[in-house]
Amino acid sequence: MPKNSKGKEIAEIIPDKCIGCQLCVAECPVNVITMEGAVAKIDPEPCIGCGKCFDICPTAAVIFEKPRKKKVAGAVPRPSALDEYQGVAVFIEARDGHGAEVAWELVGKARELAEKLGTRVLGFLPGTGVESVAQEAISYGCDIVHMIDNPILGSYLPQTYGKALVQLCRQAKPEILLLGATPLGRDLASVVATQLETGLTADCTGLDIDLQERLLLMTRPTFGGNIMATIFCRNHRPQMSTVRPKVMKLPQKDSSRQGEIHRLEFEAPDGTLPRIIDFIPKAADVGGEDINQAPVLVVVGKGACDSQHLPMLEQLAQLMGGTIACSRPVVESGLLPYVRQVGQTGKTVAPKIYIGVGVSGAVQHLVGMQGTEKIIAINSDRHAPMVQIADYAIIGDYAEIVPEIIQGIEARVKGSKP
Ligand SMILES: Cc1cc2nc3c(=O)[nH]c(=O)nc-3n(C[C@H](O)[C@H](O)[C@H](O)COP(=O)(O)OP(=O)(O)OC[C@H]3O[C@@H](n4cnc5c(N)ncnc54)[C@H](O)[C@@H]3O)c2cc1C
């Protein structure tokens with residue numbers, strides 16, 4: 001780690017990774033970070049080595065190693081009863097005889113965490129007619145699936161699913177429980193955390209392990225997305241976290257994988273349960289594929305928020321085999337509906353190709369697309385953060401650039417050179 005002339009270990013910016021968001025400039029308590037063009041620069045002499053710039057940087061563009069905290073004499077010891085909790089569990093949400101994709105993404109992450117901890121991956125599967133889902137859970141990486149297969153679990157009710165998952169936690173005693181941040185998962189997680197009197201961190205974007213204390217480090221945006229906070233739950237088990245779909249990578253399925261399936265008895269909760277009469281069909285969208293599923297997204301930003309040019313952008317999306325998405329100001333303007341919004345308060349997406357058209361790349365937008373494989377930015381400002389993180393950037397007016405791209409693709413499709 002670099003030191004200043006006083007021998008103080010200080011932080012250093014990696015210019016290639018800096019997106020010029022200036023969060024570190026605002027965070028620095030001694031005002032020693034300035035902007036040199038679009039890149040932040042630290043003045044080494046007055047830097048006090050507090051590491052606040054390292055903590056807040058959304059693109060890991062700061063090199064800094066935190067000094068290890070000395071153990072405080074008389075600090076509260078971790079309760080020894082927690083040692084009996086073992087294993088990383090994933091709630092397997094079953095829909096129409098299949099596991100929800102987010103459950104398999106979490107099983108992949110659980111494998112990574114379990115390998116660090118030297119423990120097993122458990123699948124918690126309540127539902128009805130879910131035997132084949134249990135097998136699927138093993139092919140994605142579960143070592144043991146604890147299954148409650150009961151007709152009362154046909155449709156989701158917090159009372160029945162809550163009781164089933166609490167029972168699974170009490171019987172299997174996992175140290176970690178992960179749930180997909182779907183509408184069902186979000187509801188269920190709060191019911192279970194309350195009944196087990198443990199902590200829950202919602203909408204995590206990163207999960208890791210502190211091996212020294214066997215703690216789950218749960219990272220999520222906070223304060224309007226301006227700070228990434230790492231939260232842990234020291235004295236209660238299981239450590240619970242929800243993660244949105246597409247945040248974690250989907251692992252390879254291996255149908256030859258072997259595992260155990262444990263079938264458990266279940267007693268319905270006492271008292272009268274609400275009766276489901278019917279389901280209201282999903283509200284109609286503007287058409288096109290779900291932005292979570294599309295391999296290519298043409299993302300409309302405020303710089304391209306114009307009803308006259310929207311058909312052109314839809315045409316580009318269609319030619320690329322994808323669909324249209326947008327940033328928040330475009331939803332606020334009424335041009336596109338909320339279901340198309342990418343970002344912290346919208347959806348998390350991980351397409352193969354993301355084409356940002358007039359999107360600046362605010363932190364709240366970036367946290368919703370960080371799993372993207374290739375980023376293309378079309379922007380009139382070469383210093384926009386989206387341009388800085390893009391794999392390819394085209395600088396200029398989108399209204400001139402996009403027709404040329406469309407023309408080029410059409411010419412290729414027809415087999416002639418553009
Ligand atoms: C709590 C909170 C949650 C939020 N959640 C989200 C969220 O989920 N999703 C989200 O997107 N935002 C969210 N935001 C808003 C976010 O902070 C930004 O304001 C927003 O992402 C900016 O959208 P934009 O990039 O489309 O617009 P701008 O930041 O205004 O950028 C427009 C870009 O277009 C470029 N441009 C202008 N004209 C042209 C042209 N003719 N051709 C090419 N380029 C052009 C400009 O150079 C600029 O880079 C949130 C904010 C808060 C406080």
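Reading the values: rules and limits
Here the residue index of a chain counts from 1 through its sequence in written order. Side-chain atom pairs in this predicted model are given and counted only at pLDDT of 80 or more, local residue features only at pLDDT of at least 70, and totals for whole chains, interfaces and linings cover all residues. Note that water and hydrogens are dropped before the side-chain values are worked out from all heavy atoms of the structure. For Phe, Tyr and Trp, where Trp contributes only its six-membered ring, two rings pair if their centres lie within 6.5 Å, and the inter-plane angle classes them as stacked under 30 degrees, edge-to-face over 60, or tilted in between. Helix numbering and strand numbering both begin at the N terminus, where a helix is a DSSP run of H or I of at least 4 residues and a strand a DSSP run of E of at least 2. Buried, partly exposed and exposed residues are distinguished by accessible area as a fraction of the type maximum, computed with a 1.4 Å probe on protein chains only: under 20%, between the cut-offs, and over 50%, respectively. Cation placement over rings: the criterion is NZ of Lys or CZ of Arg within 6 Å of the ring centroid and within 35° of the ring normal. Contacts between residues were defined by any pair of non-hydrogen atoms, one from each residue, lying within 4.5 Å. Pairing between two strands is assigned when DSSP locates at least 2 bridges connecting them. Whenever a pair of cysteine sulfur atoms sits within 2.5 Å, that pair is classed as a disulfide. A fitted line through C-alpha atoms serves as each axis, taken over the contacting stretch for helices, and the angle formed by two N-to-C directions is quoted from 0 to 180°. Residue ranges assigned to the domains are those given by an automatic or database domain assignment. It suffices for a single heavy atom of a residue to lie within 4 Å of a molecule or strand for the residue to be listed as near it. We define a polar contact as two N or O atoms separated by no more than 3.5 Å, with the added condition that, inside protein, one atom must be a possible hydrogen donor and the other a possible acceptor, whereas residues neighbouring each other in sequence contribute only through side-chain atom pairs. A 1.4 Å probe and the Shrake-Rupley method give the accessible areas. Residues count as covered only by the protein chains that appear here. As a working rule, the residues Ala, Val, Leu, Ile, Met, Phe, Trp, Tyr, Cys and Pro are called nonpolar, Asp, Glu, Lys and Arg charged, and the rest polar, with Gly in that last group.

### Quick look at the packing of aromatic side chains
Here is step 1 of the chain: On inspection of all chains with the given rule, the structure shows three aromatic pairs.
Here is step 2 of the chain: With a centroid separation of 6.2 Å and 55° between ring planes, the pair formed by F54 and F64 is classed as tilted. Of this pair, F54 sits in helix α2 (residues 52-56) while F64 sits in the loop between β4 (62-63) and β5 (88-91); the two residues are ten residues apart in sequence, bridging distant segments of the chain.
Here is step 3 of the chain: Using a relative accessible area of 8% as the deciding quantity, one classes F64 as buried.
Here is step 4 of the chain: Here the basic side chain of K163 rests over the ring of F266, its NZ or CZ set 5.7 Å away from the ring centre.

### Some details on helix α4 (residues 131-140)
Here is step 1 of the chain: Most of α4 sits inside the fold, with seven of its ten residues counted as buried.
Here is step 2 of the chain: Check the buried side of α4 and you find it contacts β6 (94-95), β7 (98-99), α3 (101-117), β8 (121-127), β9 (144-149) and β16 (260-263).
Here is step 3 of the chain: Where α4 terminates, the next one or two residues include G141, which has phi positive at roughly 135°.

### Structural notes on the pairing of strand β12 (residues 206-210)
Here is step 1 of the chain: Relative to strand β13 (residues 215-222), β12 runs antiparallel, the two being bridged by five bridges. In the strand pairing of β13, D210 is matched with L215.
Here is step 2 of the chain: Between β12 and the antiparallel strand that follows it, β13, lie four residues; R214 among them carries a positive phi value of about 55°.

### Some thoughts on the state of the cysteines
Here is step 1 of the chain: By the definition in use, this model includes zero disulfides.
Here is step 2 of the chain: In this structure C28 is a free cysteine whose sulfur lies 6.1 Å from that of C50, the closest cysteine sulfur available.

### Digging into the sheet that holds strand β18 (residues 323-326)
Here is step 1 of the chain: On the basis of which strands lie adjacent, the open sheet formed by five strands has the order β18-β17-β19-β20-β21 and parallel pairing. Sheet topology places β18 and β21 (392-395) at the edges, where each strand pairs with a single neighbour. Strand-to-strand twist across the sheet, computed as the mean angle between neighbouring axes with direction ignored, equals 20°.
Here is step 2 of the chain: One ladder, built from four bridges, connects strand β20 (residues 374-379) with β21; its direction is parallel.

### Looking at the domain arrangement of the protein
Here is step 1 of the chain: In terms of domains, the protein is made up of domain 1 (12-63), domain 2 (81-263) and domain 3 (296-413).
Here is step 2 of the chain: A straight line from the C-alpha centre of domain 1 to that of domain 2 covers 36 Å.

### With respect to the site of the ligand
Here is step 1 of the chain: In the neighbourhood of the ligand, 26 residues make up the surrounding shell, with K302, S327, T345, S360 and N379 lying closest.
Here is step 2 of the chain: K302 is positioned with one of its backbone polar atoms (N or O) 2.7 Å from an oxygen atom of the ligand.
Here is step 3 of the chain: Contact between the ligand and S327: an oxygen atom at 2.5 Å from a side-chain N or O atom of the residue.
Here is step 4 of the chain: Contact with the protein chains hides 74% of the accessible area of the ligand, taken as 990 Å² for the molecule alone.
Here is step 5 of the chain: Secondary-structure elements contributing two or more residues to the shell around the ligand are α8 (328-332) and α9 (363-366).
Here is step 6 of the chain: Within the shell around the ligand, the residues separate by chemical class into six nonpolar, 16 polar and four charged.

### Some thoughts on unusual backbone geometry
Here is step 1 of the chain: Cis geometry is found at the peptide bond from R237 to P238, where omega equals -5°.
Here is step 2 of the chain: In the Ramachandran plot, N31 falls in the positive-phi region, its phi being about 50° despite a non-glycine side chain.
Here is step 3 of the chain: The topology assignment puts N31 in the loop between α1 (23-27) and β2 (33-36).
Here is step 4 of the chain: Exposure remark for N31: the relative accessible area of 64% places this residue in the exposed category.
Here is step 5 of the chain: The phi dihedral of R214 falls on the positive side, at around 55°, and the residue is not glycine.
Here is step 6 of the chain: In this structure, R214 sits in the loop between β12 and β13.
Here is step 7 of the chain: Overall, R214 belongs to the partly exposed group, its relative accessible area being 24%.

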